[in-house]
Amino acid sequence: MRALSLLVVAIAGLVALPALAQNPPANPPVRIRGTIDKLDGHTLTVKSRDGQMLTVTLADNVAVAYLVKQTMADIKTGDYLASTGIKGTDGKIHAIEVRIFPEALRGAGEGQYPWDLKPDTVMTNATAGQIVKSGDGNVVTVSYKGQQSDYVIDPDTPIFAYAQGDTSLLVPGAAVFIVAQKKDDGSLSTARVTVEKDGIKPPM
């Protein structure tokens, strides 16, 4: 039960951003994508994707999550999903990655909103409805807050589920995704880290 609770905490920080956008704090959360330089006690140093060396203070009870591979067959109608997507030349949203949430996080971060993985990307947190499967790309109709949206999961789109890890995974060279809180003095802290394991890097 404790592992499940920690996993929920780890993921919750990744999907609560729409609520923060509606009621923005003085210092909005900072999304960090990069690789670990070192872990010294509760201080994690990360080289961000733009080359900055960032120091992040980890909470004493920091929750660490990682991703495990899934397939299109693992996505069922009624599942609660998150997907980074981008509009293709066909006018449809094409999933860059898809993650299946544990049931305990149903409804977390619900909505479709701008994302910063790449230019013009959006994040969709929603419940899967109709799934039309084909060899060229499966179309998933998802619903959120009384609205619907379709996105295409191409045959090569990576699909994942979450698993609970621990700080032993926070090793130099491992890729991480962190949503950190920035204090007035510029320092960064977090209670949640999603980290690379078995070669699977956080794709969001």
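Residues numbered from 1 in each chain as written. Predicted model: local features only at pLDDT ≥ 70, side-chain atom pairs only at ≥ 80, totals over all residues. Heavy atoms only, no water.

Visitor: Would you explain the overall build of the protein in this entry?
Guide: The helix and strand tally for the protein stands at 2 helices and 12 strands. Traced from its N-terminal end to its C-terminal end, the protein shows the element sequence α-α-β-β-β-β-β-β-β-β-β-β-β-β. Scored against the burial criterion, the 204 residues of the protein give a buried share of 47%. Contacts in the protein between residues at least 24 apart in sequence constitute 62% of all its contacts with a sequence separation of at least 6. When the accessible surface of the protein is split by element, carbon and sulfur atoms take 51% of a total near 10000 Å². (Helix = DSSP H or I, 4+ residues; strand = E, 2+ residues; numbered from the N terminus. Buried < 20%, exposed > 50% of the residue type's maximum accessible area, 1.4 Å probe, protein only. Contact = heavy atoms within 4.5 Å. Areas by Shrake-Rupley, 256 points an atom, 1.4 Å probe, with all protein chains shown as cover.)

Visitor: Would you mind showing me how to read the packing of aromatic side chains here?
Guide: Each aromatic ring pair is specified by the distance between its two centres and by the angle formed by the two planes. The full count for this structure, using the stated rule, is 4 aromatic pairs. Look at Phe-101 and Tyr-162: their rings are 6.0 Å apart centre to centre, the planes differ by 15°, and that puts the pair in the stacked class. Residue Phe-101 is found in the loop between β5 (93-100) and β6 (111-114), and its partner Tyr-162 is found in strand β10 (residues 159-164); the two are separated by 61 residues along the sequence. With respect to class, Phe-101 is no different from Tyr-162; both count as buried. (Phe/Tyr/Trp six-rings, centres within 6.5 Å; stacked < 30°, edge-to-face > 60°.)

Visitor: So what exactly am I meant to see when it comes to the environment of Met-72 here?
Guide: Locating Met-72 in the fold gives a position in the loop between β3 (53-70) and β4 (80-87). Note on Met-72: relative accessible area 15%, which makes it buried.

Visitor: I would appreciate a short explanation of the pattern of salt bridges in the present structure.
Guide: Opposite charge on two side chains allows them to pair when their charged atoms are near. Tallying each qualifying case throughout the model produces 5 salt bridges. Taking the shortest distance from any N to any O, the salt bridge between Arg-31 and Asp-116 comes out at 3.0 Å. Pair noted here: Arg-31 is in strand β1 (residues 30-40) and Asp-116 is in the loop between β6 and β7 (121-132), with a separation of 85 residues, a long-range link. Classification of Arg-31 by relative accessible area gives partly exposed; the value is 26%. In this structure, Glu-97 engages Arg-99 in a salt bridge whose closest nitrogen and oxygen atoms are separated by 2.8 Å. By sharing partners, the salt bridges in this structure join Arg-31, Arg-33 and Asp-116 into a single network. (Salt bridge = Lys/Arg side-chain N within 4 Å of Asp/Glu carboxyl O.)

Visitor: Looking at this structure, I do not really get the environment of Asp-90. What am I missing?
Guide: Its place among the elements puts Asp-90 in the loop between β4 and β5. At 2.9 Å, the side chain of Asp-90 and the side chain of His-94 are in polar contact. (Polar contact = N/O pair within 3.5 Å; in protein donor to acceptor, adjacent residues only side chain to side chain.)

Visitor: Would you mind showing me how to read the side chain of His-94 here?
Guide: As for its placement among the helices and strands, His-94 is situated in strand β5. A residue is classified by how much of its surface remains accessible, and His-94, at 17% relative accessible area, is buried. If near-sequence neighbours (up to four positions away) are discounted, His-94 is found in contact with Thr-84, Gly-85, Ile-86, Gly-88, Val-152 and Asp-154.

Visitor: What is the right way to read unusual backbone geometry from this model?
Guide: One non-glycine residue, Asp-120, adopts positive backbone phi at about 65°. Considering the arrangement of structural elements, one finds Asp-120 in the loop between β6 and β7. Although it is not a glycine, Asp-198 sits at a positive phi angle of roughly 55°. Mapped onto the elements of the fold, Asp-198 is located in the segment after β12 (188-195). Relative accessible area serves as the criterion here: at 68%, Asp-198 is assigned to the exposed category.

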